[in-house]
2 protein chains.
Amino acid sequence: MDVKTVCLGMLTDGPASGYDLKKEFESSFAHFFAAGYGSIYPALSSLAEDGLVDCELVPQDGKPDRKVYRITDTGRAFLLEALENTTPCHKVRSEFLATMCFAHLMRPEVVEAVLDNRLADIARYQELFRELETSCDQDWPAGAEFVLGFGKAMTAAMETYIRDNRHKLAAKPVATTAAG
Amino acid sequence: MDVKTVCLGMLTDGPASGYDLKKEFESSFAHFFAAGYGSIYPALSSLAEDGLVDCELVPQDGKPDRKVYRITDTGRAFLLEALENTTPCHKVRSEFLATMCFAHLMRPEVVEAVLDNRLADIARYQELFRELETSCDQDWPAGAEFVLGFGKAMTAAMETYIRDNRHKLAAKPVATTAAG
DNA sequence: GATGCATAGTATCAAAACGATATATAAACA
DNA sequence: TGTTTATATATCGTTTTGATACTATGCATC
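Procedures and definitions
- Residue positions are given per chain, counting from 1 as you read along its sequence in written order.
- Naming scheme: in the order in which they are written, chains are lettered from A and ligands are numbered from 1.
- With the structure being a predicted model, the display of local features is reserved for residues of pLDDT at least 70 and the display and counting of side-chain atom pairs for 80 or more, all residues being used for whole-chain, interface and lining totals.
- No hydrogens and no water enter the side-chain calculation; it runs on all heavy atoms of the structure.
- One heavy atom suffices: a residue is near a molecule or strand as soon as one of its heavy atoms comes within 4 Å of it.
- Polar contact is defined as a pair of N or O atoms within 3.5 Å, subject to the rule that within protein one atom must be able to donate a hydrogen and the other to accept it, and that residues adjacent in sequence are counted only when both atoms are side-chain atoms.
- A run of H or I in DSSP becomes a helix once it reaches four residues, and a run of E becomes a strand once it reaches two; helices and strands are each numbered from the N terminus.
- Any residue outside Ala, Val, Leu, Ile, Met, Phe, Trp, Tyr, Cys, Pro, Asp, Glu, Lys and Arg is labelled polar, Gly included; the first ten of those are nonpolar and the last four are charged.
- Exposure classes here rest on a 1.4 Å probe applied to the protein chains alone. A residue is buried below 20% of its type maximum, exposed above 50%, and partly exposed in between.
- Think of it as the arc spanned by the lines of direction from the helix axis to the C-beta atoms.
- Residue contacts are counted whenever heavy atoms from the two residues lie within 4.5 Å of one another.
- Superposing copies: least-squares fit, C-alpha atoms only, residues required to have pLDDT of at least 70 in both.
- Counted as salt bridges are all cases of a side-chain nitrogen of Lys or Arg within 4 Å of a carboxyl oxygen of Asp or Glu.
- Source of the domain bounds: an automatic or database domain assignment.
- Summed over both partners, buried area is the accessible surface (1.4 Å probe) that two parts give up on being assembled.
- Whether two aromatic rings pair depends on their centres lying within 6.5 Å, for rings of Phe, Tyr and Trp, where Trp uses its six-membered ring; planes under 30 degrees apart make the pair stacked, over 60 edge-to-face, and the rest tilted.
- Charges are assigned to positions over rings by a cutoff of 6 Å between ring centre and Lys NZ or Arg CZ, combined with an angular limit of 35 degrees from the ring normal.

**Focus: the protein's contact with DNA strand C**
For step 1, the next point in the chain: In the vicinity of DNA strand C, 20 residues are found, and the nearest of them are Asp2 of chain A together with Tyr41, Gln60, Lys67 and Lys91 of chain B.
For step 2, the next point in the chain: In DNA strand C, the atoms that sit within 4 Å of the protein are 69% sugar and phosphate, with bases accounting for the remainder.
For step 3, the next point in the chain: Valine 3 of chain A is positioned with one of its backbone polar atoms (N or O) 3.1 Å from a phosphate oxygen of DNA strand C.
For step 4, the next point in the chain: Residue lysine 91 of chain B places a side-chain N or O atom 2.6 Å away from a phosphate oxygen belonging to DNA strand C.
For step 5, the next point in the chain: Going through the elements one at a time, α3 (37-49) of chain A together with α2 (18-26), α3 (37-49), β2 (66-71) and β3 (90-94) of chain B are the ones with two or more residues in the surface near DNA strand C.
For step 6, the next point in the chain: Per-element tally for the surface near DNA strand C: the top contributor is α3 of chain B, with three residues.
For step 7, the next point in the chain: Class assignment of the residues belonging to the surface near DNA strand C gives a composition of seven nonpolar, seven polar and six charged.

Below is the structure:
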């Protein structure tokens, strides 16, 4: 389940350009699957090369031409197979937690700042979730609702945990730091 | 906060080989920061080249020589600066959630299998957490405890959410799937 | 007695992804 | 007038991934 497959999946919703897909990665997918242009454009080229999508050039006045991609029957079949033949993983890559592992080497006020920063980031996600909910609340497939709810549950748990446990990070100052 | 910095941080705990660090990535760091040999060895080489760590060759009988790395004063200073001068991110990369977005394209029994698989994965993490707790319970820096607790809270929230909401994924079957 | 697997250890490589930047145009804004 | 925002595609060096290779011992299985 790489960027290619996710792009292909997004295209089951209707034809779209790379730019369109990027916006989707930044909204409904933002909390669990990031992808930049450096991944999306090569992915779409590769999908087109493999015949899994068709590409239509749509000229525009002033702006650059749009390359609108549409999933093919082959692509649809490929996607179904890809969806059913994997055991999808769920990975966290947290510089935040890595930093907190070394909190005892940091000045307490910096640790506090990092925690505040994380809470602010969580708040941004929560606002995004509210927007997603209000903008298009009905007609969503069950999966999309499940995924949104998942994101809400995770951020809520994260927020609660940080608020309830941040005091412990300040509590244990290390004597000398000289372990050499 | 890349693999290099995390390795450097791990070395504040005492000298270690790439193999040792890999084991740490697989245990206490497993739930939030993955790294393979392909990242660790180049990271250590680069750190040594920059004078942030020293490398000592320790011959062994039968087995290959160990390359034991030790953080230098320069390295320690570099680490402190790196820890204090960033706003560390926290990213999720979930093929699982991406798959669930397209649950309406999948056979219900496959969706169920994916969910069961995820729960099993969560159970493995929970067992790892129990092991980490029992093996070295006192003398941990506050940060390590915070991070372990964070992992426990997240996996617990994940498990609860999946158990409470999985029925919704089966509830809304799509009529034709032919949207093209 | 051979095969396979686990442990201990270092190392490399292609492919993928990341993150930033370049390019071009127009509208809105200060 | 100058800056930002939006629309759109594209590239490119660096990092990361995931798998594999290599050496060597020991232990269990066939």
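**Structural notes on helix α2 (residues 18-26) of chain A**
Residue and element names in this part refer to chain A.
For step 1, the next point in the chain: For α2, the complete set of buried residues consists of Gly18, Leu21, Lys22 and Phe25. Down the axis, α2 shows its buried residues gathered within 105° of arc, on one side only.
For step 2, the next point in the chain: The inward-facing, buried residues of α2 contact α1 (3-10), α3 and β2 (66-71).

**Details of the relation of the copies chain A and chain B**
For step 1, the next point in the chain: Superposition of chain A onto chain B requires a rotation of 180° combined with a translation of 0.0 Å along the rotation axis, giving an RMSD of 0.0 Å. The two molecules are tied by a two-fold rotation axis, judged by turn and shift. Among all residues of chain A, the minimum C-alpha distance to the rotation axis is found for valine 92 of chain A, at 2.3 Å.
For step 2, the next point in the chain: With an isologous cut-off of 70% or more, the 100% of interface residues of chain A that recur at the interface of chain B puts this contact in the isologous class.

**Re the protein's contact with DNA strand D**
For step 1, the next point in the chain: Close to DNA strand D lie 21 residues, the nearest being Tyr41, Gln60, Lys67 and Lys91 of chain A together with Ser39 of chain B.
For step 2, the next point in the chain: A share of 70% is what sugar and phosphate atoms reach among the atoms of DNA strand D within 4 Å of the protein.
For step 3, the next point in the chain: Residue tyrosine 19 of chain A places a main-chain N or O atom 2.9 Å away from a phosphate oxygen belonging to DNA strand D.
For step 4, the next point in the chain: Interatomic distance of 3.1 Å between a side-chain N/O atom of arginine 93 of chain A and a phosphate oxygen of DNA strand D.
For step 5, the next point in the chain: Where the surface near DNA strand D is concerned, the elements lending two or more residues are α2, α3, β2 and β3 (90-94) of chain A together with α3 of chain B.
For step 6, the next point in the chain: Considering each element in turn, the surface near DNA strand D owes the most residues, three residues, to α3 of chain A.
For step 7, the next point in the chain: Along the lines of polarity and charge, the residues of the surface near DNA strand D split into seven nonpolar, seven polar and seven charged.

**Concerning the pattern of salt bridges**
For step 1, the next point in the chain: Scanning the entire structure with this criterion turns up 22 salt bridges over all chains.
For step 2, the next point in the chain: Of the charged contacts, one joins lysine 22 of chain A and glutamate 26 of chain A as a salt bridge, the two residues approaching to 2.6 Å between their closest N and O atoms. Highlighted residues: lysine 22 of chain A and glutamate 26 of chain A, both in helix α2, separated by four residues, approximately one helical turn.
For step 3, the next point in the chain: The class of lysine 22 of chain A is buried, set by a relative accessible area of 14%.
For step 4, the next point in the chain: Lysine 4 of chain B is the partner of aspartate 50 of chain B in a salt bridge, and the nearest nitrogen-oxygen pair spans 3.8 Å.

**Observations concerning the domain arrangement of chain A**
All names here are of chain A.
For step 1, the next point in the chain: When its domains are assigned, chain A resolves into domain 1 (3-82) and domain 2 (95-170).
For step 2, the next point in the chain: Centre-to-centre separation of domain 1 and domain 2, based on C-alpha positions: 29 Å.
For step 3, the next point in the chain: Tallying the contact residues gives six residues for domain 1 and six residues for domain 2.
For step 4, the next point in the chain: Carbon and sulfur atoms supply 81% of the area that domain 1 and domain 2 bury against each other, a total of about 460 Å² over both sides.
For step 5, the next point in the chain: Our count for the domain 1 to domain 2 interface comes out at zero salt bridges.
For step 6, the next point in the chain: Joining domain 1 to domain 2, the criterion identifies zero residue pairs in polar contact (both at pLDDT 80 or more).
For step 7, the next point in the chain: Residues of the side of domain 1 that touches domain 2, tallied by class, amount to two nonpolar, three polar and one charged.

**Observations regarding the packing of aromatic side chains**
For step 1, the next point in the chain: Inspection of every chain in the model, using the stated rule, returns 20 aromatic pairs over all chains.
For step 2, the next point in the chain: Look at tyrosine 161 of chain A and phenylalanine 150 of chain B: their rings are 5.7 Å apart centre to centre, the planes differ by 85°, and that puts the pair in the edge-to-face class. With one member in each of two chains, tyrosine 161 of chain A in helix α7 (residues 142-171) and phenylalanine 150 of chain B in helix α7 (residues 142-171) form a pair that bridges those chains. Here tyrosine 161 of chain A matches phenylalanine 150 of chain B in class, with each residue buried.
For step 3, the next point in the chain: Seen from their ring centres, phenylalanine 25 of chain B and phenylalanine 33 of chain B are 6.2 Å apart, and the 35° between their planes marks the pair as tilted. Of the two residues, phenylalanine 25 of chain B and phenylalanine 33 of chain B, neither departs from the other in class, the shared state being buried.
For step 4, the next point in the chain: Taken together, the ring pairs in this structure connect Phe25, Phe29, Phe32 and Phe33 of chain A into an aromatic cluster.
For step 5, the next point in the chain: One residue, lysine 22 of chain A, lies across the ring of tyrosine 37 of chain A, its end atom 5.5 Å from the ring centre.

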